[in-house]
Amino acid sequence: MAQFKYSAVSKGGEKVNGVIDAFNELDAAKRIRESCDVILKLEELSDKPGLLNMDLGGNKLNSKAFTVMCSQFAIILRAGVPLARAVNLIAKKTTDKVLHRLLTKVAADVEGGRSLSAAFEEHGSKFLPVTFIETLRAGESSGTIDQSFETMQAHFDKQLKTSAKVKSAMAYPLFVIAIAVVVVAVVMIVVIPKLTPMFTESGNEIPFLMQSLIDISDFFRHNIIIMIVVVAALIVAYKFYGNTEAGRLNLAKLQLKLPVLGNIAELTGASEFANSMAALMNAGLPIPRALTITARTLSNYYLSTECGKLSGKLEAGNTLGKSMAEQGVMPDILVDMVGVGEDTGELGHTLETVALFYDNELEEATKAAIAKLEPAMLIFIAIFAGYIVIAIYTGMFSVYDTM
């Protein structure tokens, strides 16, 4: 998605400025008109700010610190502390530099009479989750902003724990791969070249395995720069293609079709959908609005665009379950449970249950993928190590024959 900066006249007649995420300019205009009658100015923001506009401190959000901030807001506001005072208190206590800068600016806006959601959107829309801002806006409308923070704390804490489990499971395979790459590079570029003269100067015919090892080493040493350039060019081409609309869409589709990883991507999308919808609906947002926001939070671009199209089906009078079934991009269990939730009038609670199911399925699928990957890596390393040892031994025996 792209970000668009706009100026508009609200339905109350006030001039408002803000930033909104949308698929394109038409989509941005449609979303702005949900709360404003007249759009005065609308322009797309560049993803790469100029040097003079860059925040040298960085704007990367610390998920753990952000979750703690939501918890602090929920506790302090529930205790009856005024909103402006609460923002100032948390701004002074937080040790995260990004959140400290953000909360300091937000506190000044709130003291000046601005709403909390508008202040967060103005100063943090580039890195804050859209779910957070919209849930705050819903809480302000219903007068339950403390509950909104409590909902967000539970939602993001769950996301943080799920992400931590996946990262923890991936840590060992990535470590093994990194060590294997380093060892191969050292053997081929440093060790083999030092042993080569001993075999070539013996006068005997070098055994096939040793000769192949020497040839591979020579190839690495003589073409290492070319290999680095080719890899860099492929990465740049991939990034460039991925930044185009067609490229993002095709790569997202490909991700869903990959063996093993495709299943993980599908489960991730289902988990993100169920979790976001549950959090937003429990915060009081209507289904169409919650669906629009949820579509923008999905990490897979293809799933995001397809879920974004569901809003049109709802406007045509279809139920969410029927619309999802016609769209056919989400798992059948999720679609069926959404239909059950709508029939029983407990869609929010049903989505919470489904979200828990898909969180567990995602964790198990990740563990299963790694369980298949680890033996494959060990077999590859064993074969490569055995090849090197046998090659060197056959070469050594050849040298001994000349003595």
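Our subject is the structure listed above.
Quick notes on the rules
Residues numbered from 1 in each chain as written. Predicted model: local features only at pLDDT ≥ 70, side-chain atom pairs only at ≥ 80, totals over all residues. Heavy atoms only, no water. Helix = DSSP H or I, 4+ residues; strand = E, 2+ residues; numbered from the N terminus. Rg over C-alpha atoms; globule rule 2.2 N^0.38 Å. Contact = heavy atoms within 4.5 Å. Lys, Arg positive; Asp, Glu negative; His and termini not counted. Charge placed at Lys NZ, Arg CZ, Asp CG, Glu CD. Core = buried A, V, L, I, M, F, W, Y, C linked by side-chain atoms within 4.5 Å. Buried < 20%, exposed > 50% of the residue type's maximum accessible area, 1.4 Å probe, protein only. Phe/Tyr/Trp six-rings, centres within 6.5 Å; stacked < 30°, edge-to-face > 60°. Salt bridge = Lys/Arg side-chain N within 4 Å of Asp/Glu carboxyl O. Polar contact = N/O pair within 3.5 Å; in protein donor to acceptor, adjacent residues only side chain to side chain. Patch = residues over 30% accessible without salt bridge, like charges linked within 9 Å, V, L, I, M, F, W, Y side chains within 5 Å. Areas by Shrake-Rupley, 256 points an atom, 1.4 Å probe, with all protein chains shown as cover.

1. Considerations on the overall build of the chain
Line of reasoning, step 1. On a plain count of helices and strands, the chain comes out with 16 helices and three strands.
Line of reasoning, step 2. Against the compact-globule benchmark of 22 Å for 403 residues, the chain has a radius of gyration of 28 Å, which places it well outside the compact range.
Line of reasoning, step 3. Projected onto the principal axes, the alpha-carbon positions of the chain cover approximately 95 × 50 × 40 Å.
Line of reasoning, step 4. In the chain, once contacts between residues fewer than 6 apart in sequence are set aside, the share between residues at least 24 apart is 60%.
Line of reasoning, step 5. Taken together, the 37 basic and 42 acidic charged side chains of the chain have centroids lying 6 Å from each other.

2. Brief notes about the nonpolar core
Line of reasoning, step 1. Counting residues in hydrophobic clusters, the biggest one holds 40 residues, and the most contacted among them are Phe 273, Met 277, Leu 320, Met 324, Met 330, Leu 334 and Leu 351.
Line of reasoning, step 2. Contact partners of Met 324, with chain neighbours within four places excluded, come to Phe 273, Leu 310, Val 329, Met 330, Leu 334, Val 335 and Val 338.
Line of reasoning, step 3. Core analysis: the second largest hydrophobic core is formed by 32 residues, Leu 102, Val 106, Leu 128 and Ile 133 among them.

3. A few points about the environment of Lys 15
Line of reasoning, step 1. Secondary-structure assignment places Lys 15 in strand β2 (residues 15–22).
Line of reasoning, step 2. For Lys 15, the contacting residues outside a window of four places in its chain are Ser 7, Ala 8, Val 9 and Leu 40.

4. Looking at the packing of aromatic side chains
Line of reasoning, step 1. In this structure the tally under the stated criterion is nine aromatic pairs.
Line of reasoning, step 2. Between Phe 73 and Phe 120, the ring centres sit 6.4 Å apart and the planes meet at 75 degrees, which makes this aromatic pair edge-to-face. With a gap of 47 residues between them, Phe 73 in helix α2 (residues 63–78) and Phe 120 in helix α5 (residues 116–124) connect regions that are remote in the sequence.
Line of reasoning, step 3. In this structure Phe 73 comes out as buried when scored by relative accessible area, which is 0%.
Line of reasoning, step 4. When its relative accessible area of 0% is taken as the criterion, Phe 120 is described as buried.
Line of reasoning, step 5. Between the aromatic rings of Phe 357 and Tyr 358, the centroid separation amounts to 5.0 Å while the plane-to-plane angle is 75 degrees, which identifies the pairing as edge-to-face.
Line of reasoning, step 6. You can call Tyr 358 buried: its relative accessible area is 2%.
Line of reasoning, step 7. Cluster of aromatic residues (ring-pair linked, three or more members): Phe 66, Phe 73, Phe 120, Phe 132, Phe 149 and Phe 156.

5. Thoughts on the side chain of Asp 96
Line of reasoning, step 1. The topology assignment puts Asp 96 in the loop between α3 (83–93) and α4 (97–111).
Line of reasoning, step 2. Buried Asp 96, no salt bridge; nearest opposite-charge side chain is Arg 101, N-O distance 7.4 Å.
Line of reasoning, step 3. Within the structure, Asp 96 has its side chain in polar contact with the backbone nitrogen of Leu 99 (distance 3.0 Å).
Line of reasoning, step 4. Setting aside residues up to four positions removed in sequence, Asp 96 forms contacts with Asn 62 and Ala 65.

6. A short note on the side chain of Thr 94
Line of reasoning, step 1. Mapping Thr 94 onto the fold places it in the loop between α3 and α4.
Line of reasoning, step 2. Overall, Thr 94 belongs to the buried group, its relative accessible area being 16%.
Line of reasoning, step 3. Of the polar contacts made by the side chain of Thr 94, one reaches the backbone nitrogen of Asp 96; its length is 3.4 Å.
Line of reasoning, step 4. Thr 94 has contacts with Leu 99, His 100 and Leu 103, leaving out every residue within four places of it along the chain.

7. Considerations on the pattern of salt bridges
Line of reasoning, step 1. Scanning the model with the defined rule gives 14 salt bridges in all.
Line of reasoning, step 2. Lys 309 is paired through a salt bridge with Glu 306; the nearest N and O atoms lie 3.1 Å apart.
Line of reasoning, step 3. Its relative accessible area of 48% is what places Lys 309 among the partly exposed residues.
Line of reasoning, step 4. Glu 306 sits in the buried class, given a relative accessible area of 11%.
Line of reasoning, step 5. Through salt bridges with shared partners, one network takes in Glu 34, Glu 121, Glu 134, Arg 137 and Arg 289.

8. Notes on a nonpolar patch on the surface
Line of reasoning, step 1. Taken together, the side chains of Val 182, Val 186, Ile 189, Val 190 and Val 191 define a hydrophobic patch exposed on the protein surface, amounting to about 350 Å² of accessible area.
Line of reasoning, step 2. Residue placement: Val 186 occurs in helix α7 (residues 145–200).

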